Structures are given as C-alpha cells and as structure tokens.
Amino acid sequence: MTNASIRPRANRRRRIAIVSSIAAALGLIFPIATSSYYAWRSAREAQELRLELVASKVAERARIALVQANAALEGLAASDDTPCSAEHIALMRRFTLNTLSVEEIGYMDGSQVRCTTWADSYFDEPARGADFVLNGDVQAFVGMHSHIPGSAPMLGLRKNHYLVLVNAERFTDITVPAGVQLAFLRSGSPVLSHTRDMPEDMLTQVAGGKTPIDEDGHLLRKVDFDGWSAVAIGPSESRSEIGLQLELLLPVGLLSAAIALVLVVKLSRRRLSPLAELRLALRRKEFLMHYQPIVNLTNGRLHGVEALIRWQRPDGDTVRPDLFIPLAEEHGVISDITAVVFKMVAADLRDVLRAHPQLHVSINLSAQDITDPNALKTLRAQLEAAGIKPAQVWLEVTERGCVAVGVAADSTLAQARAAGYQVAIDDFGTGYCGLQYLQKLPLDTIKIDRSFVQTVATDSVTSVVLPHIIQMSHSLQLSIVAEGVETQAQADYLQQSGVQYAQGWLFSKALPLHELKQYVERDAAMK
Ligand SMILES: Nc1nc2c(ncn2[C@@H]2O[C@@H]3COP(=O)(O)O[C@H]4[C@@H](O)[C@H](n5cnc6c(=O)[nH]c(N)nc65)O[C@@H]4COP(=O)(O)O[C@H]3[C@H]2O)c(=O)[nH]1
C-alpha cells in the first residue's frame, strides 16, 4: 500500500485553482459591472423622466390653448352683433384679450377676411384648403401670420365665420434642461412648434414620425393627446449624472466584490481540504475492501478475516485508513464510510461466507457507530439481502472508542450480541481501559494490539504486559486474537501462552478479494 496523502491531486488542484480564479474574477467584475450598469440605467431613467416631464408640460400647454381657442370660437358663434360693426369688433377684441392663447380673430365671409380684432389691419386669409379638421367642424391652417409683419407662424382655427390665430410657438417656449429640444405636431402635418435651436435633421426626423434615439445618443419621449404629439428629445444620459449614480452605487459594488472574493477564497480552501477530498471520494466510490486472514494458531487453518478499508485514488495511489478514518471520525463522515463498508463486505463475501459457515468477517466500528442507532439496522439489511448470518460477523470496537462513548457502548454492544453478532475489543492494551470496565462490557473476544505482540522475546518494558493481558482474557473467558504477528517466534510464544487466533504478515497481509478467495480455496483444500 502506498502512503498517499489526502491532498487533492495536481490536476484537481489545477482545476480548483482555475475555477477559483474565474469565480474570483467574476466575483470582482460582476458587482462592479452591475453597479456601473445600474448607474448608467438610473442616469438614463432620470433623463427619460425629465424628458417625459417636459413633453407633458408642452402637451398640457397646447391642450389648454386649444380648449381656450375652441371656447372663443363657440362664444363668438353665439353673438348676434352685426358682423364687423363697432360692437362686433369690440366683442372680438374682448375675446382676444381674454383668451391668452389667441393672438387675433378674424370674421370671414367665404374665403375673404371681412374684419379682424384690430379692425384696420387684416391678416392674410388662408390661400389654400385646411391642413386638417378638428372635432369635425374646425378647420386648421398651419403657418398663418398675424397682421404684424414678421410675426411667428400661427395656427389658424376656423369655425363657420370666425378664424382665430393661436401662437403655437408658446407651446414649446418653456425652460428645459440643457441640450433638450421640444417639438409639437399633429401626425401627418408640418411641425407646429419647436425649440429655436433644434437641428434641421432632427426636425425632419420628428416631422417624418421617426424616433431619432439611441443611434446618435439621443432619447425621445412623446406625449400624445387627441391626435397631437408633444415631443422632447435629449442626450440619453449625462456624464455627471452617471458619475453621481456611480458615487452611490459603486461602494455597494465594491463591498459585494470584496464579499464575493472572501467567499471564493474560503470555498476554494474548503474544496482543497482533505475533508472535501474524502467527501468527493465517497461520491466517486473510490473505496474498496481488503481482507486479512485470521488463523487458528493450533493448526494454522483459516478462522476468519478482518475487513480493512482501502481508499484507492484515481491515479492508483492508496491512502492508509489510519490517515482518513480519524478525519472522517472528527468531521462526522464516519457513518457514511461504515455504511459503505457494510455494503461492500456483504457484496464481496456473500459467496465465501455462505460456502464456509465456519468462517467469519470482522468489521471495524468507530465510536460514533456505537452510538448511531441506524448502524445496526443498516448492517442487518445488508446481511439479510446477501444471505449472511449475523453469527458470521464480528464487530470490532476499539477500547478507546468504548471508553469515549461510555454507557452507550454497553447497550449497543449488548444489542449487537442479542442480534447474533460477536463483539471483539480491538487494539486492546492501548486504551487505558481498566479490568473493571472490561468486565462490564458484553464481549466475546479480545484483540491484542500489535505493539504488545512485538515485545515477544525482547527486553522491552511493556513485554511484561502481554502475559497479563492473556491471563486476564482467560479469566474473563474471552477468546483472544493477537494482531501484527510477524515472526514464527511470536506465533510460537502466543500459541504456548494459550492464544487461540492470530493475524499478521507471518500468515498473510490484507488481501484484495480475488486473492482472499484463492487463500480460502487453498485453506479448504488442506486436510
Ligand atoms: N506492521 C504490521 N501491520 C499489520 C500486520 N498485520 C496487520 N497489520 C495492519 O494492522 C492494522 C490492523 O487493523 P486495526 O488494528 O483494526 O486498525 C485499523 C482500523 O483501526 C482502521 N480501519 C481499517 N479499516 C477500517 C474500517 O473499515 N472501519 C473503521 N472504522 N476503521 C478501519 O485503520 C487501522 C489501520 O488499518 P490498516 O492500515 O489496514 O492496518 C491494519 C493491518 O494492515 C503486521 O504483521 N505488521
């Protein structure tokens, strides 16, 4: 078995490094880009709102002016003064002065202007037909002029004999934010009114019903009513506005980036940890079982096997269980490993154990397994499915494990024995477990730790302990398995001291399943 460490392999480390770098870069870029985008969006939305607001203002002004002009036309129609009499002209003047949007009123006879508000001056009558008709009976003429030379283009509205001139320029004559242009029009008719410095091409586009937005960095907002349109056009967003929004949003973006970075570092460290490797190995099913023969010292025949887990990494390296089992115990992963062991043992040994009922398999349990109420249930389910009798299964618990879980060990081990399993205490002698405590535990077998076996025929201080352990086990009527027997001298000594069973390299190392099966066949062939 090679002694591979539990570090992630180079290519996985590389993969984690690449993924982490990408995640870190995204973690940095994303919040900053998002806050910049939102700064731009908010600036744009603020501009859209501003344009909407001024367009609404224009629409409102125009709507009021048109309502007033209409009211003047209605009021004049109700007059029964003699047309163009002094009273009649005075009436027209009153209407002109009282109606803010109306600049001048004319009394028409057919297409002729007979008199106007200012009786001695006449505006030119419309030389052509109406540009459009409003409310079914009001003819509208675009581009008329009052009697004042060089006056602004007016909108003429005629109903029956009266024609009022409305100064449409007033609609767009409002204070606007820098760079904003306004226009007022009726679809299909020339632009009635627009801001003075509106570029010609923009005017043409607006008149053509086009929306000159975005491509040239402009936004357009339109407010429609009764077939009229008030249009506001402005730069899509201002740099200073974006800067302002960025000042608000960027700190949030930077904070999120910092949090994301810390998370990525933490996560990648966790993914690079031995525990993450262990969990990954469980998911990838990188575990298998080896089996070490336990022999009868009297005749050298096979008595049973100890199931020993192996972690085979994808590159062929094997990790020793005494490296990863403590890690699994420490982080609560051991019950998952034990469940995997139960499953693999049942699948591996079903044929061997059914064909050789005198053999048993010894399975290691950790302290947590002893307190886990599911452990025995899982084991029973696996064994029943494989047709293996509980009597052929030994459960090994370490002395340290029993001491650690205390009273719980008593009841679990008692339950296990009641269910037909044999219970062995593993690594005996290493766990400071007093005789008194040992007496209370429901045990069948003691496994003497390798460290004591190795003292046979040496001057080691601990060499005196071995005979005591053997003697104590005899007095408690426990069977004994000696672990780690490497020499014939050790085997001879143990046998002469009354130890019945042993395992160790003298007899066999832990074997993969197919080699164990050959071993079992050879043993069965021995007479
Ligand atoms: N130097 C020497 N060593 C010998 C000799 N004969 C056997 N060994 C080794 O001694 C260990 C015996 O197992 P353990 O005391 O139960 O000690 C086991 C056991 O505590 C734990 N372990 C192994 N498999 C499992 C398992 O499935 N579940 C749990 N919970 N623990 C396991 O890991 C420990 C180490 O297992 P392994 O590395 O397989 O090491 C095994 C075995 O390979 C020998 O003659 N000389």
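Sequence order as written defines the numbering, with residues in each chain counted from 1. This being a predicted model, a pLDDT of at least 70 is required before a residue's local features are given, and a value of 80 or more before pairs of side-chain atoms are given or counted; all residues contribute to the totals for chains, interfaces and linings. Excluding hydrogens and water, the side-chain values take into account all heavy atoms of the structure.

**Student:** I tried to follow the sheet that holds strand β1 (residues 102-109) on my own but got confused; where do I start?
**Tutor:** Only when DSSP finds a minimum of two bridges between them are two strands counted as paired. Secondary structure follows DSSP: runs of H or I at least 4 residues long count as helices, runs of E at least 2 residues long count as strands, and numbering of each begins at the N terminus. Spatially, β2-β1-β6-β5-β4-β3 is the arrangement adopted by the six strands of the open sheet, whose pairing is antiparallel. Whereas interior strands pair on both sides, the edge strands pair on one side only; in this sheet they are β2 (112-116) and β3 (132-134). Each neighbouring strand pair of the sheet contributes to a mean axis angle of 35°, computed without reference to strand direction. A contact between two residues is defined here by any heavy atoms of the two lying within 4.5 Å. Axis definition: a line fitted to C-alpha atoms, over the contacting stretch in the case of helices. Angles run 0 to 180 degrees between N-to-C directions. Set on the sheet, helix α2 (residues 86-98) makes contact with β1, β2 and β6 (162-166); between it and β1 the angle comes to about 145°.

**Student:** Just to check I follow, could you spell out a positive patch on the surface for this structure?
**Tutor:** Residues forming no salt bridge and having over 30% relative accessible area are the ones grouped into patches, like charges within 9 Å of each other and nonpolar side chains (Val, Leu, Ile, Met, Phe, Trp, Tyr) within 5 Å. Per-residue and other accessible areas were derived by the Shrake-Rupley procedure at a 1.4 Å probe size, with only the shown protein chains allowed to occlude residues. By definition, a salt bridge exists where a carboxyl oxygen of Asp or Glu is found within 4 Å of a side-chain nitrogen of Lys or Arg. Only four residue types enter the tally: Lys and Arg on the positive side, Asp and Glu on the negative side, with His and both chain ends excluded. Each charge is placed at NZ for Lys, CZ for Arg, CG for Asp and CD for Glu. A cluster of basic residues, R15, K266, R270, R271, R279 and R283, forms a positive patch at the surface. Top contributing element to the positive patch by residue count: helix α4 (residues 239-271), with three residues. Mapped onto the elements, K266 comes out in helix α4.

**Student:** Help me understand the sheet that holds strand β7 (residues 181-186), please; the structure alone is not making it clear to me.
**Tutor:** Backbone-to-backbone hydrogen bonds join strands into a sheet, with any given pair of strands oriented parallel or antiparallel. Taken together, four strands build an open sheet; the order of strands is β8-β7-β10-β9 and the sheet is antiparallel. The sheet is open, and its two borders are formed by β8 (191-194) and β9 (218-225), each paired with just one other strand. For this sheet, the mean angle separating the axes of adjacent strands, direction not counted, is 20°. Both β9 and strand β10 (residues 228-235) contribute to a ladder of eight bridges, which runs antiparallel. Paired with H218 across the strands is P235, a residue of β10. Packing of helix α1 (residues 10-77) onto the sheet brings it into contact with β7, β9 and β10, and relative to β9 it is tilted by some 35°. In the packing of helix α3 (residues 200-207) onto the sheet, contacts are made with β7, β8, β9 and β10, and the angle to β7 comes to roughly 35°.

**Student:** What am I meant to see in the layout of surface pockets here?
**Tutor:** In this structure, the largest pocket spans a volume of roughly 1,500 Å³. For the lining of the largest pocket, the leading source of residues is strand β12 (residues 302-312), giving six residues. The distinction between a cavity and a pocket rests on a 1 Å grid over the protein atoms alone: a 1.4 Å probe fits inside a cavity but cannot get out, while a pocket stays open yet meets protein on both sides within 12 Å along at least five of seven lines, and a residue with an atom within 4 Å of a point counts as lining. Grid points are joined across faces, edges and corners, and a volume is the space filled by probe spheres set on the points.

**Student:** Whenever I open this one, the UniProt feature "transmembrane region" (unreviewed entry) in the protein chain confuses me. Can you help?
**Tutor:** UniProt positions are given in the numbering used here, feature names are shortened, and annotations may be inferred rather than shown by experiment. Annotation from UniProt places "transmembrane region" (unreviewed entry) at residues 16-40. The annotated region residues 16-40 carries 100% helix and 0% strand content, and the separation between its end C-alpha atoms amounts to 35 Å.

**Student:** I tried to follow the site of the ligand on my own but got confused; where do I start?
**Tutor:** Working definition: residue near molecule or strand if any one of its non-hydrogen atoms lies within 4 Å of it. Among the 20 residues in the neighbourhood of the ligand, the closest are listed as E306, R310, D426, E486 and W505. In this structure, S366 approaches the ligand through a side-chain N or O atom, which is 3.2 Å from a nitrogen atom. Coverage of the ligand by the protein chains reaches 87% of its 790 Å² of free accessible surface. If you map the ligand onto the pockets, it falls in the largest pocket. Under this definition, polar contacts are N or O atom pairs within 3.5 Å; protein pairs additionally need one hydrogen-donor-capable and one acceptor-capable atom, and for neighbouring residues in sequence, both atoms have to be side-chain atoms. Assignment to a cavity or pocket requires that more than half of a molecule's atoms be within 2 Å of the site's grid points.

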